[in-house]
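Breakdown of the fold
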Amino acid sequence: MTQAAAGSELDERVPGRRWTVRLDPVGRGSAEVRVSCSRPACAERRLPSAAAGRTAAVAHLQAHLRATPAPRADTYCACRADGCRAHLPDTGRHVRTEQPWRCGGPVVLAVITDRAGRWWQALECCSRCAAAIPGGRTAATSRPSAPRTAGRPTPAAAGTGAGTPQFSDQQVPTRTGCPASLPVPAPRPVPARRRRPPEARIGRHVIPRDLRPVSLRDELTELGDLFRAYQKRPEPDLALLADLQERKARAFLTWSDVSCDVTLRLEAQRAEQAAAVIRRQHQHRTGCVPEGEEPGVARLLTVPVQWESARSVLAHVADHTPLPGAEARLLVLMLTLRTAHTGTGNLVGQDVNALGLTDPEDLIEQLTGCGWLSLPGTVGDLLASRPENPTPITVPSLVPDEDGTGPFTFGRKTRPKLSGWAQRVVSDKKLRKAKAPAGARLLAVTLATWTDDVGRLGPDGRGVTLNALATRVPVGSGELPDLIDRLIAADWLTDAALTDTHLTGRLTERVLPLTCPLLD
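Summary of the structure given here. (Residues numbered from 1 in each chain as written. Predicted model: local features only at pLDDT ≥ 70, side-chain atom pairs only at ≥ 80, totals over all residues. Heavy atoms only, no water.)

**A look at the overall build of the protein**
Of regular secondary structure, the protein possesses 17 helices and 15 strands. Counting the 520 residues in the protein, one finds 41% classified as buried. Taking the contacts inside the protein whose residues are at least 6 apart along the sequence as the reference set, 61% of them involve residues at least 24 apart. Here the protein has roughly 29,000 Å² of accessible surface; of this, 53% comes from carbon and sulfur atoms. (Helix = DSSP H or I, 4+ residues; strand = E, 2+ residues; numbered from the N terminus. Buried < 20%, exposed > 50% of the residue type's maximum accessible area, 1.4 Å probe, protein only. Contact = heavy atoms within 4.5 Å. Areas by Shrake-Rupley, 256 points an atom, 1.4 Å probe, with all protein chains shown as cover.)

Written as structure tokens, this is what we have:
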């Protein structure tokens, strides 16, 4: 009779609701993922990455949970056909009569997921089944219905309702000492995987734990860590890498002698060869190459004398510009380089218009008005002149004295090289495309003369002081961060950091040929 009553009660129940949200890859060679839901009304979505897809899947499931009504008390477990741990194995006709005695507690809305985060499932089941699922959580609870018996009212249990997820085995008693249902076991914890401690490695080689001497094992372990740290560097350091390869060659040679392993000796030889190649690459890149060989970085100004001459022109312009502001300083610099040797030179309109000045005509009129610049005609004629008919200009302060001496000591052949170098810097393609203002171009010229041999700012990469920078680039302290951002966007500067006293960073590989390294 009891089994018949239980079977009749199960027949009156309805199947529990269940839906699944899945995260699947779109296909090979693509990072995109596909988020799908088992509900027919939900459309499939495509996301650019697994992280974005996982976030969208969780948000989609949460939206369903918020919109779903409370669990129904007259349902039977949606998990009964999935091999749930709280149900008996499928043995045929007896499962139907035994199953109600295996379930217990109120009907809950449970949420489960796999460990890899590839699918999420919400289902209506009893609290006993929800507690038996590792990692299962409940989002809402119904008022459980007790088994119907003649002459006995159905006890009412207080439902928790939708709220903070909790394990479904936390039952609420109906009266003192009387639980609302049979005791429910505590959730089974997800078993933790036992992992062996990681083995020390250097490259593809595992360092034995019993390797002796201990100093050799420590050296190999440290080298492995240093090589892995080097691979995470944003910029290469060939000198450091060559040192690491030399240490590796010595350590592997000792390891080979201790273990009598020929392959380790061969690895030591390869490391020694790699160190020599990397060291030579570093020499070519920095210009410190043997006599008769070309350097790796083909700089526009090739010798240290020219680098010092460029710095002397910048220092002279900083002290003798007659007008304030970055635009006046940039124009005076370019005109000084055109007339540095004799005080006279030729200029065309394009030379001025390419500097990105706000009002070049007014600026030239101010220079001629104060006597710093002399023109044979009007400013309009200068700006309209073309290469086939250049305008001669004169800077009286640069005209040599009667004894032939002037403010600069470099020769007649060096002046056009310096002028061409400065024109290449201020007319850089990416600076022109970004319509960089005069301050950004003046900052680019200045930083090009304040780097070490690998492009790091300042002596030995220690940075440029803001006080020294303010003497060369006359802009306010509030304008400097914007100019630095413009150079970063133009792929001119990288790893830039601005503090209260220094600007650190390095020029990119693209503009290394335009640098004038500082001498030791």
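**Some details on empty space enclosed by the protein**
Enumeration according to the criterion identifies 4 cavities of 30 Å³ or more in this entry. By volume, the second largest cavity amounts to about 60 Å³. Together, L331, M334, L335, R338, L347, D351, V352, L355 and Q423 line the second largest cavity. For the lining of the second largest cavity, the secondary-structure elements that each account for two or more residues are α9 (326-339) and α10 (349-353). Top contributing element to the lining of the second largest cavity by residue count: α9, with 4 residues. (1 Å grid on protein atoms, 1.4 Å probe; cavity = no way out; pocket = protein on both sides within 12 Å on 5 of 7 lines; lining within 4 Å. Points joined across faces, edges and corners; volume = space filled by probe spheres on them.)

**What to know about the pattern of salt bridges**
Summed over the entire model, instances satisfying the criterion amount to 21 salt bridges. A salt bridge links R265 to D257; the nearest nitrogen and oxygen atoms lie 2.5 Å apart. Look at D257 and you get partly exposed, because its relative accessible area is 47%. If you follow the salt bridges from partner to partner, you end up with D428, K430, D491 and R510 in one network. (Salt bridge = Lys/Arg side-chain N within 4 Å of Asp/Glu carboxyl O.)

**Quick look at the packing of α9 against helix α11 (residues 360-369)**
Axis separation between α9 and α11 bottoms out at 11 Å; the angle between their running directions is 70°. Here α9 lies roughly perpendicular to α11, going by the angle between them. Helix-helix and strand crossings are classified by hand; for α9 and α11 the assignment is right-handed. Between α9, through E327, A328, L331, V332 and L335, and α11, the contact on the second element is made entirely by L363, I364 and L367. Per-class residue counts for the contact of α9 with α11 are 7 nonpolar, no polar and 1 charged. (Axes fitted to C-alpha atoms, helices over the stretch in contact; angles between N-to-C directions. Parallel < 35°, antiparallel > 145°, perpendicular 65-115°, else oblique. Left-handed = near helix turned anticlockwise from the far one by under 90°. Nonpolar A, V, L, I, M, F, W, Y, C, P; charged D, E, K, R; others polar.)

**Topic: the sheet that holds strand β14 (residues 493-498)**
Strand order in this open sheet of 3 strands is β13-β15-β14, and the pairing throughout is antiparallel. Looking along the sheet, the strands with just one partner apiece sit at the ends: β13 (464-465) and β14. Sheet topology note: the β14/strand β15 (residues 502-507) ladder contains 4 bridges and is antiparallel. Its bridge partner lying in β15, L498 is registered against L503. (Pairing = 2+ DSSP bridges.)

**Quick look at unusual backbone geometry**
Here the residue pair R212 and P213 is connected by a cis peptide bond, since its omega of 5° sits within 30 degrees of zero. Relative to the helices and strands, P213 is located in the loop between β10 (205-206) and α5 (214-231). The residue C260 is not glycine, and still its phi comes out positive at about 55°. Along the chain, the position of C260 falls in the loop between α6 (238-259) and α7 (262-286). At D495, a position not held by glycine, the phi torsion is positive, near 55°. Secondary-structure assignment places D495 in strand β14.

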